[in-house]
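Chains, contacts and geometry: an overview
Here are the chains, one letter per residue:
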Amino acid sequence: MATLTAEPVAARPAPQVRVNRWDSPWLNAKLIIGLIMVLSVALSGVVGGMFWDLRLARVGTSPQDLPPAFVPGGTWAHPLGTENSGRDMLAVLLTGAPRSFRIGLIAATIGLLIGVVLGCLAGFLGGWVDRLILIASDAWITIPSLVVLIVISAFVRQISAETMAVLIAMFAWPGPTRLIRAQVLTLRERGYIRMARLSGANTFDVIFREMMPNMLPYIAASFTGNVSGAILASAGLEALGLGPTRIPTLGMTIFYANQASAVIRGMWWWWGFPFLVLAIIFSGLFLIAIGLDEVANPRLRGLQVKQ
Amino acid sequence: MSGMTRGYVVRRFLMWVLTVWLGATLIFAIPRLAPGDPIAAMVLRMSAQGQIIENSAELIQAWRERFGLDGPWYVQYVNWLRNCMTLDFGYSLTQFPARVWEMIWRALPWTIALLTFAVIITFILGNLIGALLGWRKTPPLLRSLLPLTLTFSSIPPFIFGLLLLFIFAYTLDLFPNQGAYDSRNLQPGLTVEFLASALHHAILPAMAIVLTSMGGWALGMRGMMITTDGEDYMILAQAKGLRTPRLFLRYAVRNALLPQLTALALSLGLIVGGSVLIETYFVYPGVGYLLYYSITNGDYTLMQGIVFILILTTATAVLIIDLLYPLIDPRITFQKR
């Protein structure tokens, strides 16, 4: 689809236009910095395992309550310190961070798939199907998902990361559904879509070959938002002590730190490092979402360009 | 009440009924769909904790009625819906003579006050920042400084709360680290001391919500302002020679704000969910903290009641926003659905 790159370029004033393939809206600083932040955390688990013994994330494998190495009293054997049940913080972070991502990706993907199906159905069929889907998503979005998830986790005692992802996905579909429905409604009346339909393209082709490429930045932005929301929900559940308890996760580490009053005891590294990793993850995803918004909406790309 | 048609009000009200019914059904279904026998697990937990030995027989009976071991599921379901309508959730399992409704009633004002306070500040600040970011005549110095306010906008509020506790409660000792008022020296009431103490206790949790969530509003508002800026009525208003403040507030902000209000209604559920974590980490005696208490102590009647009340409150808040909306944007009721 040539329209994808042609549209933003046309929207810019003449002197700015450079015929250069690096002049793509996809190459904006926010998107790239965000991707680097997110990927570096996501890959740390893969690469980290080669340099650091991840078994140190288990209880009792290290001395207790050690501060980080760069603080008096710390050792380089445990660069980021240890907590009160003898887990090495570095190993905890290296196992926890990728796990959070996995939950986020699984939940957001399921949510997006449901959203694509329902959004296209609503946008294309219209009528009572549209009304039903819209009402359902409006009602569903009003229910405080985290509260319901907390209750579910309280009943399902031994919860696995995958189960949690699926449960979170149950609340991740109304956003994409609304977005895709709105997009389908606006795109449906465009000339090239009518053209495609008149040319005899079937609905499936129209949706996936004609519409999807144009919706891509919107979908990607919504997907990123959902990954972030899912990680937030899982970290929230873990931080209440309701997540998977066997494997260390970032939220669970914060839960234990809070339970052991790490804040009062001055053990800042115990909650501080998970905080930092989560902050990098969320800020990275946030930047990606803003960057994608700018891809989707050329008007957002800086005000100076206008007039 | 111009612009408010009967059809619109009826439609919104039916939406409210649907949401509350959906919530009640979810609460009913969860314990029954959970794998294993949650009821057996609960009995085990309760006896292991040994908290309610004196009244255990009575309690288990009360609680069996709640979760329905007597009668087929549809009878239980109808009973449950009736209990929801009358807000009768029976007795608390862990604090026996106390009724669930009394416990929630004590906690609810704190949550509503904290959230209303925090959400209104967030909404106003976030939209103001966004409006200034998206307005072409904003002084360049201000525009370059404003993005700094978005620094924390993607960090989860409760984790940010830990950081705030560490800095402002423990290191600087400026704010209390828990509670909603100085319960040792003060009695709740309409006294200056009590209100000052309540405000003092609410500042940190509210700050955790405000600083982490205003960025989202600012970005949305910036986008809307930029879109509004290109509209014909803006050019006309400018050509008429209207003053800049009037242009900004009455023409740009007023129109840009409408989708933001819709977004507020849609995000209330998330905000309420997040408050459970905030209240737990700040030991703030609201409904969220009570929910945490009920889960860690296995007080299932209390838990059911709280979840229903939270869903009811959220749906009602959304209904209020929806009903206020036509007053701000009269066009809405003319839309055909």
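Residues numbered from 1 in each chain as written. Chains lettered and ligands numbered in written order. Predicted model: local features only at pLDDT ≥ 70, side-chain atom pairs only at ≥ 80, totals over all residues. Heavy atoms only, no water.

1. Concerning the overall build of chain B
Worth spelling out the cut-off: A run of H or I in DSSP counts as a helix once it spans at least four residues, and a run of E counts as a strand once it spans at least two, with each numbered from the N terminus. Each residue is placed in one exposure class: buried if its accessible area under a 1.4 Å probe, protein chains only, is under 20% of its type's maximum, exposed if it is over 50%, and partly exposed if it falls in between. Here, residues are in contact when the closest pair of their heavy atoms is within 4.5 Å. Using the Shrake-Rupley algorithm and a 1.4 Å probe, accessible areas are obtained, with residue cover drawn only from the displayed protein chains.
Check the secondary structure of chain B and you find 12 helices and 0 strands. In chain B, the succession of α and β elements from N to C terminus is α-α-α-α-α-α-α-α-α-α-α-α. Per-residue burial for chain B yields a buried fraction of 48% across its 337 residues. Once local pairs closer than 6 in sequence are excluded, the contacts in chain B between residues at least 24 apart make up 73%. Looking at chain B as shown, the accessible area adds up to about 16,400 Å², and 67% of this sits on carbon and sulfur atoms.

2. What about the overall build of chain A?
For chain A, the helix and strand inventory stands at 11 helices and 0 strands. Shown N-terminal to C-terminal, the secondary structure of chain A runs as helices and strands in the order α-α-α-α-α-α-α-α-α-α-α. Considering chain A as a whole, with its 307 residues, one finds that 52% of them fall into the buried category. Look at the contacts in chain A between residues 6 or more apart in sequence, and 72% of them connect residues 24 or more apart. Carbon together with sulfur atoms contributes 65% to the accessible area of chain A, which is approximately 13,700 Å² in total.

3. Looking at a positive patch on the surface
Residue and element names in this part refer to chain B. Stated precisely, the cut-off is as follows: Patch membership requires over 30% relative accessible area and the absence of a salt bridge. Like charges are linked within 9 Å, and nonpolar side chains (Val, Leu, Ile, Met, Phe, Trp, Tyr) within 5 Å. By convention in these notes, a salt bridge is any Lys or Arg side-chain nitrogen within 4 Å of a carboxyl oxygen on Asp or Glu. Residues counted as positive are Lys and Arg, residues counted as negative are Asp and Glu, and His and the chain ends are not counted. Every charge is mapped onto a representative atom, which is NZ of Lys, CZ of Arg, CG of Asp or CD of Glu.
Judged by side-chain charge, Lys-240, Arg-246, Arg-250 and Arg-254 come together as a positively charged surface patch. Counting through the fold element by element, Arg-254 comes out in helix H10 (residues 244-281). The class of Arg-254 is partly exposed, set by a relative accessible area of 38%.

4. Focus: the confidence of the model for chain B
The line we're drawing: A score from 0 to 100, pLDDT tells how confident the predictor is in each residue.
Looking at chain B as a whole, the pLDDT averages 81, with 86% of positions reaching at least 70. What the predictor reports for the complex is a pTM of 0.82 with an ipTM of 0.81.

5. Here's the deal with helix H7 (residues 174-188) of chain A
Residues and elements named next belong to chain A. Rules: One less than the residue count of a helix, multiplied by 1.5 Å, gives the span that helix is expected to have.
With 15 residues, H7 should reach 21 Å at 1.5 Å per residue; the first-to-last C-alpha distance of 21 Å fits that figure. Every buried residue of H7 is accounted for by Pro-174, Pro-176, Thr-177, Ile-180, Arg-181, Gln-183, Val-184 and Leu-187. Buried-residue contacts for H7 involve helix H3 (89-125), helix H4 (127-142), helix H8 (191-198) and helix H9 (203-239).

6. Focus on the packing of aromatic side chains
Residue and element names in this part refer to chain B. Threshold: Working definition: a ring pair exists when centres of Phe, Tyr or Trp rings (six-membered ring for Trp) sit within 6.5 Å. Plane angles under 30 degrees give stacked, over 60 give edge-to-face, the rest tilted.
Enumeration according to the criterion identifies 18 aromatic pairs over all chains in this entry. Pairing Phe-13 with Trp-16 gives two aromatic rings, centres 5.5 Å apart and planes at 20°, and the pair type is stacked. One end of the pair, Phe-13, and the other, Trp-16, are both in helix H1 (residues 6-33), 3 residues apart, so they sit about a helical turn from each other. Geometrically, the ring pair formed by Phe-152 and Phe-160 is tilted, given 4.7 Å between the ring centres and 40° between the ring planes. We classify Phe-160 as buried; its relative accessible area is 2%.

7. What to know about the interface of chain A and chain B
Which entries qualify depends on this criterion: When two parts are put together, the accessible area they lose, computed with a 1.4 Å probe and summed over both, is reported as buried area. Polar contact criterion, stated in full: a pair of N or O atoms within 3.5 Å, where within protein one must be able to donate a hydrogen and the other to accept it, and residues adjacent in sequence count only if both atoms are side-chain atoms. In this classification, the charged set is Asp, Glu, Lys and Arg, the nonpolar set is Ala, Val, Leu, Ile, Met, Phe, Trp, Tyr, Cys and Pro, and all remaining amino acids, among them Gly, are polar.
With 48 residues of chain A at the contact, the number on the chain B side is 58 residues. Here chain A meets chain B over a buried area of about 4,900 Å², counting both sides, of which 78% is carbon and sulfur. Between chain A and chain B we count 0 salt bridges in total. Applying the counting rule to chain A against chain B returns 1 residue pair in polar contact (both at pLDDT 80 or more). Breaking the side of chain A that touches chain B down by element, the ones donating at least two residues are H4, helix H5 (145-155), H9, helix H10 (250-259) and helix H11 (268-296) of chain A. A per-class count over the side of chain A that touches chain B returns 35 nonpolar, 8 polar and 5 charged.

8. Here's the deal with the nonpolar core
The line we're drawing: Put simply, buried Ala, Val, Leu, Ile, Met, Phe, Trp, Tyr and Cys residues joined by side-chain atoms within 4.5 Å make one nonpolar core.
Formed by 134 residues in total, the largest nonpolar core has its most connected members in Ile-150 of chain A together with Leu-291 of chain B. Per-element tally for this core: the top contributor is H11 of chain A, with 14 residues. The residues contacting Leu-291 of chain B, other than those within four sequence positions of it, are Val-147 and Ile-150 of chain A together with Val-276, Met-303, Ile-306 and Val-307 of chain B. Listed in part, the 14 residues of the second largest apolar core include Val-116, Ile-180, Leu-187 and Met-211 of chain A.

9. Description of the pattern of salt bridges
All names here are of chain B. In total, this model carries 7 salt bridges over all chains according to the counting rule given. Across the pair Arg-136 and Asp-229 runs a salt bridge whose closest N-O atoms are separated by 2.8 Å. Taken together, the residues span a long stretch of sequence, with Arg-136 in the loop between helix H5 (100-133) and helix H6 (140-145) and Asp-229 in helix H8 (residues 192-229) at a distance of 93 residues. Given a relative accessible area of 11%, Asp-229 falls into the buried group.

10. Side note on a nonpolar patch on the surface
Together, Leu-35, Leu-39, Leu-43, Val-46, Val-47, Met-50 and Phe-51 of chain A give the surface a local cluster of nonpolar side chains, amounting to about 730 Å² of exposed area. Examined against the element boundaries, Met-50 of chain A turns out to sit in helix H2 (residues 29-51).

11. Things to note about the environment of Ile-124 of chain B
Residues and elements named next belong to chain B. The residue Ile-124 is located in helix H5 in this model. Residue Ile-124 is classed as exposed on the basis of its relative accessible area, which comes to 54%. Here the alpha-carbon distance between Ile-124 and Trp-217, two residues 93 residues apart in the chain, equals 9.0 Å.

12. Topic: H9 of chain A
Residue and element names in this part refer to chain A. Note the cut-off: The angle between axes fitted to the seven residues ending at a residue and the seven residues starting there is what we call the bend at that residue.
Along its 37 residues, H9 runs just 45 Å from first to last C-alpha, ending more than 12% under the 54 Å computed at 1.5 Å per residue. The largest bend in H9 is about 65°, located at Met-212, with the proline Pro-213 one to four residues further on. The N-cap residue of H9 is Asn-202: its side-chain oxygen and the backbone nitrogen of Asp-205 are 2.8 Å apart. One or two positions beyond H9, positive phi appears at Gly-241, with a value near 80°.

13. Description of the packing of helix H11 (residues 287-296) of chain B against helix H12 (residues 300-328) of chain B
Two quantities define a packed helix pair, namely the angle between the axes and the distance from one axis to the other. Residue and element names in this part refer to chain B. Stated formally: Inter-axis angles, ranging from 0 to 180 degrees, are taken between N-to-C directions of lines fitted to C-alpha atoms, where helices are fitted over the stretch in contact. Roughly parallel means an angle under 35 degrees; roughly antiparallel means over 145; roughly perpendicular covers 65 to 115; every other angle is labelled oblique. The hand of a helix crossing depends on one turn: near helix anticlockwise from the far one by less than a right angle means left-handed, and clockwise means right-handed.
At their nearest, the axes of H11 and H12 sit 9 Å apart, and the two run at 150° to each other. One finds that H11 runs roughly antiparallel with respect to H12. For the pair H11 and H12, the crossing hand works out as left-handed. Contacts between H11 and H12 involve Val-287, Leu-290, Leu-291, Tyr-293, Ser-294 and Ile-295 on the former and, on the latter, Leu-302, Met-303, Ile-306, Val-307 and Leu-310. Partitioning the contact of H11 with H12 into residue classes produces 10 nonpolar, 1 polar and no charged.

14. Details of the packing of H10 of chain B against H12 of chain B
All names here are of chain B. Packing of H10 against H12 leaves a shortest axis separation of 9 Å and a crossing angle of 170°. The angle between H10 and H12 places the two elements in the roughly antiparallel class. Contact with H10, carried on its side by Arg-254, Leu-258, Pro-259, Leu-261, Thr-262, Leu-264, Ala-265, Leu-268, Gly-269 and Val-272, involves Leu-310, Thr-314, Ala-317, Val-318, Ile-321, Tyr-325 and Ile-328 of H12 and no other residues of that element. Partitioned by chemical class, the residues of the contact of H10 with H12 number 13 nonpolar, 3 polar and 1 charged.

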